[in-house]
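# Tertiary structure, described
Each chain is listed here by its residues.
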Amino acid sequence: MKRVFHLLVAAASVAALPIIGAQAQTTRKPTPKSTTRPTSTAPKPAAKPIPKPAPAPPARPTTPPEPAAEPEPSLLETVLPTTFTDGPFVAGDQVLNLGIGVGSRSNYETKAIGGSPSASPSLSLSYERGLLTIGPGVLGAGILAGYQGATYSLSNGGKWKYTDVLLGLRGAFHYPVLPEFDAYAGLGVGLLYTRASFEGSIASPDAGNSVKLRPGIFVGGRYFLLENLGVFTELGYDQTYLKVGITGKF
C-alpha cells in the first residue's frame, strides 16, 4: 500500500515540473541593460610638440655712410690752427697795434740845398675799440701815437736833426672779409710835435720846436693767425706812408 502511494507522489511530482518551470520564467525580471558606455582604456595619443621657431640670423652690422670729405687745411692753418667764433673785429673788441713805418711824410730836405736826408723807421702804437655794428661791418675809434727821427746832412759838414712825435685820434669802418681777416679804412687828425736842432759851425735860426695840426687818411688790414694775435699792414697819409706790425685783440 505504501509503495503504491510513493509511486503516485513521484508521478505527480514529475507531472508538475513543467508547470513550475513556466511560472519561474514568467516571474523572473529581465536584467536591465547598462546605459553607460564602456570606458575605453586605450591610451590617448600624445600631443605633438609645437616646433620652436628657428632663430633669426644675426643682423649684419651696417656700415655708416662715409662723411663728406672736408677741404684740406692750408699750410698756415696746419702750423697755426685758428678758431674764430665772432669774427675778426666786432663791437666791444679792443685791439692794440704795434708797428714800424717807412716813408716819412715830412719834407726835411727843404731846409737847405745840397744835402742828403735820412729818416729812420717810425715806431707806432695804436689802440682801437669797436663801438657800433653798421650793416655787415663795425665802426671803431681809437688813438695813435708815433715817433720818428730824421737827419739832414749838409755838404759843408753841418747836420740837421729832427724828432717827430704824433698824437692823434682815429675812426675807421671795419669789414670782415674772412673770419680771420679784417679790412678797414678811416680818417684821423692829430698834433705833430717836431723838434729841430742844428749841428755845425754856424747857428741856424730855424732850430727850435713846432706843433702842427696833422690830418690823415688810411686803409689797412689785419690777419689773425690765432684767436687774439695777428699781423697788420696799413697805407696812410699821417706820419709815414706804410706801416706793418703785430696786432693783439682782447
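So, here is what we can say about the structure in this document. (Residues numbered from 1 in each chain as written. Predicted model: local features only at pLDDT ≥ 70, side-chain atom pairs only at ≥ 80, totals over all residues. Heavy atoms only, no water.)

### Remarks on the overall build of the protein chain
To be explicit about the condition: Here a helix means four or more residues in a row that DSSP labels H or I, a strand means two or more in a row labelled E, and each is numbered from the N terminus. Relative accessibility decides the category of a residue: with a 1.4 Å probe and only protein chains considered, values under 20% of the type maximum give buried, values over 50% give exposed, and everything between is partly exposed. When checking whether two residues touch, look at their non-hydrogen atoms; a contact exists if any pair is within 4.5 Å. Here, Shrake-Rupley sampling with a 1.4 Å probe gives the accessible areas, and only protein chains in the shown set may cover a residue.
For the protein chain, the helix and strand inventory stands at 2 helices and 9 strands. Along the chain direction, N to C, the helices and strands of the protein chain fall in the order α-α-β-β-β-β-β-β-β-β-β. Per-residue burial over the protein chain gives 26% buried out of 250 residues. In the protein chain, of all internal contacts separated by at least 6 residues, the share reaching a separation of at least 24 is 62%. Surface exposure of the protein chain reaches about 17,900 Å², of which carbon and sulfur atoms provide 66%.

### Section: the packing of aromatic side chains
Inclusion rule: Here the aromatic set is Phe, Tyr and Trp, taking the six-membered ring for Trp, and pairing holds for ring centres within 6.5 Å; pairs whose planes are under 30 degrees apart are stacked, those over 60 apart are edge-to-face, and all others are tilted. Whether a charge sits over a ring comes down to the Lys NZ or Arg CZ being within 6 Å of the ring centre and within 35 degrees of the ring normal.
Applying the stated criterion across every chain, the model contains 4 aromatic pairs. Consider the rings of W160 and Y162, whose centres lie 6.1 Å apart with planes at 15°: the pair is stacked. Taken as a pair, W160 and Y162 share a single burial class, namely buried. Judged by centre distance (6.1 Å) and plane angle (25°), the ring pair of Y237 and Y241 falls under stacked. On the basis of relative accessibility, which here comes to 41%, the residue Y237 falls in the partly exposed class. Here a set of aromatic residues connected by ring pairs shows up, and it is made of W160, Y162 and F198. The lysine or arginine in question, R170, covers the ring of F218, its NZ or CZ lying 3.7 Å from the ring centre. The ring of F224 has K249 sitting right over it, with the charged end atom 4.7 Å from the ring centre.

### Focus: the environment of L225
With respect to the secondary-structure elements, L225 resides in the loop between β7 (208–224) and β8 (229–236). In this structure, the C-alpha to C-alpha distance between L225 and T247, residues 22 residues apart in sequence, is 9.9 Å.

### Some points on the side chain of K249
Selection rule: What qualifies as a polar contact is a pair of N or O atoms within 3.5 Å, subject to a donor-acceptor requirement within protein and to the restriction that residues adjacent in sequence count only when both atoms come from side chains.
On the secondary structure map, K249 appears in strand β9 (residues 240–249). The exposure class assigned to K249 is buried, which follows from its relative accessible area of 10%. Polar contacts involving the side chain of K249 include one to the main-chain carbonyl oxygen of P88, which spans 3.0 Å.

### Quick look at the pattern of salt bridges
For clarity, the threshold we go by: Take a side-chain nitrogen of Lys or Arg and a carboxyl oxygen of Asp or Glu: if they are within 4 Å of each other, that pair is a salt bridge.
In the structure shown here, the tally under the stated rule is 7 salt bridges. Here K243 makes a salt bridge to D238, at a shortest N to O gap of 2.9 Å. Among the residues examined, K243 registers a relative accessible area of 4% and is labelled buried.

### Digging into the nonpolar core
The condition that has to hold: Among buried residues, the Ala, Val, Leu, Ile, Met, Phe, Trp, Tyr and Cys ones that are joined through side-chain atoms within 4.5 Å form a nonpolar core.
Residues A150, Y152, L154, W160, Y162 and A196 constitute the largest nonpolar core, which totals 6 residues. For this core, the secondary-structure elements that each account for two or more residues are β4 (137–154) and β5 (159–178). In terms of residue count, β4 provides more of this core than any other element does, 3 residues in total.

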